[in-house]
Every structure is written in structure tokens, then in C-alpha cells.
Amino acid sequence: STANYELDNRMVLYPNPSLDFVNVKLPSSVENIKNIKIIDLNGRLVAEYHPKSANYLKINTNKFANGMYLMQVTTSDNEVLRHKRIVIAR
């Protein structure tokens, strides 16, 4: 089964707003990022990432249009962290 949690302090996202990249980090050293989905405000999947055994990922945001997006992170424990907003502003 999959548990759902609000992000609160379970994930660090910086810089936000982003120009060229955004760093995603899970502060816990025992959890890894299994999957990251970037979703636009219309609910469309814009990008998806599958890092290999890492609690950190640097995402290039150059291909994203300016605007606001939602990020959904699934951890190695199958916990789904939702609704973290990222802003792309150049």
C-alpha cells in the first residue's frame, strides 16, 4: 500500500523560484527518491525522473515554460510526498 503525506519538512527544494535548475533533497539519509513527477497546474505530467538510489537530484528547468508547477516525490519506502510548488521565472 502507498501512504500519502504532505511535504512539510520531508523534502528540501531550492532555489525556488528557479532560473535554470532546482535541487530536490530528502533530508533523511535512509530514504531515497524513487520517482519525481513535475505536473503543470492543469494536471498534465510535464516531466518524470527516476534517480538511482539517491536522496538528492538536480533538475534542469530550462525546458519548462515560466510558471508554477507541482512536484510529487515517491520515496524508496513508497511514500508519496505531494503538492510542493516550484516556480520557474527567468
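This one's a predicted model, so the numbers in the text were calculated from it and none came from an experiment. (Residues numbered from 1 in each chain as written. Predicted model: local features only at pLDDT ≥ 70, side-chain atom pairs only at ≥ 80, totals over all residues. Heavy atoms only, no water.)

**Some points on the overall build of the chain**
Then step 1. When its secondary structure is counted, the chain shows 0 helices and 8 strands.
Then step 2. Each helix and strand of the chain, ordered N terminal to C terminal, gives the series β-β-β-β-β-β-β-β.
Then step 3. Against the 2.2 N^0.38 benchmark of 12 Å for 90 residues, the chain shows a C-alpha radius of gyration of 12 Å, consistent with a compact globule.
Then step 4. Expressed as a percentage of its 90 residues, the buried residues of the chain come to 38%. (Helix = DSSP H or I, 4+ residues; strand = E, 2+ residues; numbered from the N terminus. Rg over C-alpha atoms; globule rule 2.2 N^0.38 Å. Buried < 20%, exposed > 50% of the residue type's maximum accessible area, 1.4 Å probe, protein only.)

**A closer look at the pattern of salt bridges**
Then step 1. Taken as a whole and judged by the stated rule, the model has 1 salt bridge.
Then step 2. Aspartate 40 serves as the salt-bridge partner of arginine 44, at 2.9 Å between the closest nitrogen and oxygen.
Then step 3. A relative accessible area of 52% means that arginine 44 is categorised as exposed. (Salt bridge = Lys/Arg side-chain N within 4 Å of Asp/Glu carboxyl O.)

**A word on the side chain of glutamine 72**
Then step 1. Turning to its location among the elements, glutamine 72 is positioned in strand S7 (residues 67–75).
Then step 2. Relative accessible area serves as the criterion here: at 16%, glutamine 72 is assigned to the buried category.
Then step 3. Beyond its immediate stretch of four places on either side in the chain, glutamine 72 contacts Asn35, Ile36, Lys37, Ile39, Val80, Leu81 and Arg82. (Contact = heavy atoms within 4.5 Å.)

**What to know about a nonpolar patch on the surface**
Then step 1. Together, Val12, Tyr14 and Tyr56 line one region of the surface with nonpolar side chains, adding up to about 250 Å² of accessible area.
Then step 2. With respect to the helices and strands, valine 12 occurs in strand S2 (residues 12–14).
Then step 3. Residue class for valine 12 comes out partly exposed when judged on its relative accessible area of 36%. (Patch = residues over 30% accessible without salt bridge, like charges linked within 9 Å, V, L, I, M, F, W, Y side chains within 5 Å. Areas by Shrake-Rupley, 256 points an atom, 1.4 Å probe, with all protein chains shown as cover.)

**Quick notes on the environment of serine 18**
Then step 1. Relative to the elements of secondary structure, serine 18 occurs in the loop between S2 and strand S3 (21–25).
Then step 2. For the pair serine 18 and asparagine 62, spaced 44 residues apart in sequence, the C-alpha separation works out to 9.5 Å.
Then step 3. Within polar-contact distance, the side chain of serine 18 engages the backbone oxygen of phenylalanine 21 at 2.7 Å. (Polar contact = N/O pair within 3.5 Å; in protein donor to acceptor, adjacent residues only side chain to side chain.)

**Some points on the packing of aromatic side chains**
Then step 1. For the structure on display, the rule yields 1 aromatic pair.
Then step 2. Judged by centre distance (5.5 Å) and plane angle (40 degrees), the ring pair of phenylalanine 64 and tyrosine 69 falls under tilted. An identical accessibility class is assigned to phenylalanine 64 and tyrosine 69; each is buried.
Then step 3. A cation sits over an aromatic face here: lysine 58 above phenylalanine 21, 4.2 Å from the ring centre. (Phe/Tyr/Trp six-rings, centres within 6.5 Å; stacked < 30°, edge-to-face > 60°. Lys NZ or Arg CZ within 6 Å of the ring centre and 35° of its normal.)

**A word on the confidence of the model for the chain**
Then step 1. Residue-level pLDDT values for the chain average 87, and 90% of them are 70 or greater.
Then step 2. Segment residues 1–7 is flagged for pLDDT under 50; beyond a separation of four residues in sequence, or across chains, it makes 18 contacts in the model. (pLDDT = per-residue confidence, 0-100.)

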